[in-house]
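Topology and contacts: notes
Each chain, letter by letter, is given below.
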There are 2 protein chains.
Amino acid sequence: MAELGEFGLIAELSRWLPPDPRALVGIGDDAAVLAVPDGRVVATTDFLLEGRHFRRDWSSARDVGHKAAARSLADVAAMGGVPTALLVALAAPPDLPVRWARELAAGLAAECARVHPPASVVGGDTARADAVLLAVTALGDLAGRPPVLRGGAVPGDVVAVAGPLGHAAAGLALLSAGLGGGDPSWASLVTAQLRPAPPYDAGPEAAALGAHAMIDVSDGLLADLGHIADASGVQVDVDSAAAWPAAPLPEAARAVQMAGPNSSFSRTSRGIPPEHADADGLAQGLAQRLAQGLAQRLALRWVLTGGEDHSLVATFPPSVTLPPRWRVIGAVREGGGVAVDQTPWAGDTGWNHFA
Amino acid sequence: MAELGEFGLIAELSRWLPPDPRALVGIGDDAAVLAVPDGRVVATTDFLLEGRHFRRDWSSARDVGHKAAARSLADVAAMGGVPTALLVALAAPPDLPVRWARELAAGLAAECARVHPPASVVGGDTARADAVLLAVTALGDLAGRPPVLRGGAVPGDVVAVAGPLGHAAAGLALLSAGLGGGDPSWASLVTAQLRPAPPYDAGPEAAALGAHAMIDVSDGLLADLGHIADASGVQVDVDSAAAWPAAPLPEAARAVQMAGPNSSFSRTSRGIPPEHADADGLAQGLAQRLAQGLAQRLALRWVLTGGEDHSLVATFPPSVTLPPRWRVIGAVREGGGVAVDQTPWAGDTGWNHFA
C-alpha cells in the first residue's frame, strides 16, 4: 500500500471501473460530480471494518470489495432506488500487499457490475491505519418514483422477501466452527457470508409494484421488520411455516452443532451415557430426533434473526401480484412490534416462541 | 457509546440539527434522499481517524466534529459548490463517554452552520472500533455553474488564496512542542489546527468569478498547487514575497525552535560557547539574527508546505477583479510542476529555494 500510494490506488480503482457517462467528474478531483436527472439523490454510507465486519483470514480481498459495496448498494435498493455511484474511503496498514488492494478494487467493481446499469466508483479517500477500514457511500436514482420508506406499512399488507434468509448467518456459524473450507454443499452459505449478493433490481421492482415499506435484511429479519413496525406503527407478523428453513440450512445447522463442543447437540448427546446409548436403540433414536429438532431450531433462528444477507423485505398491498422472486412470509396487522405466528417476539436473545 | 447505542446517537445528532427542507428523507431510514434541483450532485468522502488525523488529548469532541465536517465540506467548496448535506459514519470504542458523542454531534452541526444556507446531517452509520473513526461524506450543489476542476489553469492566470496558509501547520508544531495551552497570541494557530475554518462561500464565489481551477489546501500549498499543475499541464509559480508569513507565524516559529532541544535554533545557540557569547555582543547579535532568519524560514515552510488549513486556492484569468479576501500569491506559466520565485520546487523534504 505504501508502495502503491494514494494516487496509485486511485489509478488502480479507475483501471477496473469503466467510465460512466453519469459521472460528470470522476476520480481525481476534490469531489465527484454526478448527473442526477431525477432532481433527487439517494445517499447512504456504511462502514466495513476489519475485525468487526470481516476477517482477512476468512475473506479474500475480492470478497471484502464485494461486501463493502453490497452493504451500501443494498441500502439504495431498499429505498426503491437504482444505485449509480460509490465513494470508497479505504484506510490500510502500509504493509498491505499491493495485490490485496488491487483485488479489493476488482471486488468493488464486480459488485458494482451486479447493478443494472452498472454503478461506478466516482471517488474516495485513502489513509493509513492499523487495520483495513472501509467506509463506502452509495448514491442512487429514484427514477421519478417516491422512495419506499420504513414507515409506510399498513395493516392488511403482505410481507414478502426477495433473496435468501439466514444464509449469511449460517455461513458465519460454519466459518466459526471451522467448517468454512469443508463440505461443498455448504459453500453457498459460506459465500453468502463472505460475499452477499443482494437482489438490487428487486428494490426498484418493489417500488414500481407499489410497495408500502421496504428495508434490507442487515441486522436480522425480525430486527429489520421491527424497524418497519416501529416506523409504521403496526405489527409485522412472520409466518414460521412460510419462512421455514430449506436445505441446506438444517443440514448446516446440524454440522455446526456437531462441531461445537459446547453446542446443544453435544450437550444432548452427553446426557445419554455411552453404555446405555449403545444398548438402547430407542434412546438413540430419540436423541437423534431431538438433535434434528435442535438443528431445525438453530436453522430457523438463522432465518429469523441472522442478518447480513442484504435481501430485501417489503410490505405490499394484498392486491399486488408479486413476481416469483418475492416470497410471502407474513402479514402486517394492527398493533406494534414483531410477532412470529401471531405471538409477539421478545428480542434477539429471548425469542420465546419455540422455547 | 454502548449505553447510547446506534439509535440513541442518531437521535442525538438529529437533536442538534434543524430540519432541512432539501432533506426529503433524513436520518432514520435505509438511506437519505436529498433534493438536487440542479440535476447534478457534488459528492466527496474523507476519513478523520484518531491517532492519524487527531488526538483526543489535543482535540475536544467538538473540535473533532468541526474538523471532520470541514474536511469534506471544503472539498465541495473547492469544486465551486455549495455544500448541502453530510453523511457521518462514526465508529467508536464502547466506553466512549456519551458526552463525547454529544459534543461531536454539536461540533458537526456547528460546522454545518458555517455554510450558507446551513448544510445538514442527513444520514450515517455507527460501529464499534478500538479508536474513534469518522468517515464523512459531503454532498453539494453547483447552482447551475460548471464545476471548477483542477485541470483548467492556463498560463497567464493569477493564483489567489482565500483563507490562511500555514496556520494549521503552526498549530500542530506548537502542540507537538508542548506549547498548545500556552501563549494566548498563538491560540488562533492552535485553533486553526484543531478546528480549521474553511471559507466555504469563497468556493462558489470563485466559480461565479470565472475561476479556471481550484483546490483546497489540505496536503500543503505547493503539493496542492502541484495537483493543479499536473492536471492542467502548466507550471504554478508562487511568489514568496506575496506569500510571506505574517504575524504571528514567525513568532510562533521562534517559540517552537526554542522549545525543541534538537531544533536549528538550539543548535545555533550551542555553537557559541556561553563564555564567549556573554563576552561578545557582536556574536550574540549575529546568533539572534540567525535565529530570526531560521524562524522566518520555518514559518515560510509552514506557509508553503503545511496543509490542513483547508483554505481555497484558485487560478483566475488576469482580467478578473478579485474581492479582498482573495490574496494573489503567484502566477500560472508554461511548463510543469510548482515553482517558488520561478525556481522549480524539489519536493516536500527538499525545497531548495532557500537552501
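Cut-offs used in this document
Here the residue numbering is sequential within each chain, running from 1 through the sequence in written order. Note on labels: chains are lettered from A, ligands numbered from 1, in written order. Thresholds applied to this predicted model are a pLDDT of at least 70 for local features of residues and 80 or more for the giving and counting of side-chain atom pairs; totals over whole chains, interfaces and linings are not thresholded and use all residues. Throughout this description, the term nonpolar core refers to a group of buried Ala, Val, Leu, Ile, Met, Phe, Trp, Tyr and Cys residues whose C-beta atoms join them within 7 Å. Three exposure classes are used, based on other C-beta atoms lying within 10 Å of a residue's own C-beta, which is placed from the backbone: buried for 20 or more, exposed for 12 or fewer, and partly exposed in between. Residue pairs are scored as contacts if the distance between their C-beta atoms, which are placed from the backbone, is within 7 Å. Domain start and stop positions are those given by an automatic or database domain assignment. Under the scheme used here, helices are H or I runs from DSSP no shorter than 4 residues and strands are E runs no shorter than 2 residues, and both carry numbers assigned from the N terminus. Here, strands pair whenever DSSP counts at least two bridges between them. To define axes, lines are fitted to C-alpha atoms, for helices over the stretch in contact only, and angles between the resulting N-to-C directions are given on a 0 to 180 degree scale.

Moving on: the nonpolar core. Grouped together as the largest cluster of nonpolar side chains are 230 residues, with contacts concentrated most on L86 and L134 of chain A together with L86 and L134 of chain B. If near-sequence neighbours (up to four positions away) are discounted, L134 of chain A is found in contact with F47, L48, A68, V88, A89 and L90 of chain A.

Let us look at the domain arrangement of chain A. Residues and elements named next belong to chain A. Per the domain assignment, the segments making up chain A are domain 1 (5–141) and domain 2 (158–344). For domain 1 versus domain 2, the distance between C-alpha centres works out to 29 Å. Taken together, the contact between domain 1 and domain 2 spans 19 residues of the former and 19 residues of the latter. Elements represented by at least two residues in the side of domain 1 that touches domain 2 include exactly α2 (61–77) and β4 (82–92). Among the elements that line the side of domain 1 that touches domain 2, the one with the most residues is α2, at nine residues.

Once that is clear, we can look at unusual backbone geometry. Residue and element names in this part refer to chain A. Cis geometry marks the peptide bond from H116 to P117; its omega dihedral reads -10 degrees. You can see P117 is positioned in the loop between α3 (98–112) and β5 (120–128). Phi at Q342 takes a positive value of approximately 65 degrees, unusual for a residue other than glycine. Tracing the backbone through its elements, the reader meets Q342 in the loop between β12 (337–340) and β13 (343–344).

We now examine the sheet that holds strand β2 (residues 32–35) of chain A. Taken in spatial order, the six strands of this open sheet run β1(A)-β2(A)-β3(B)-β6(B)-β4(B)-β5(B), and their pairing is mixed. Each edge of the open sheet carries a strand with a single partner, namely β1 (23–25) of chain A together with β5 (120–128) of chain B. Here the average twist between neighbouring strands, direction ignored, is 25 degrees. Of the strand pairs in this sheet, β1 of chain A and β2 of chain A are connected by two bridges, and their pairing is antiparallel.

Right, let's get into the pairing of β2 of chain A. Here β1 of chain A folds back onto β2 of chain A in antiparallel fashion, the turn holding six residues, of which G28 of chain A has a positive phi close to 120 degrees. Here four bridges tie β2 of chain A to strand β3 (residues 40–49) of chain B, and the two strands are oriented antiparallel to one another. Each residue of the ladder has a partner; that of V33 of chain A, found in β3 of chain B, is V42 of chain B.

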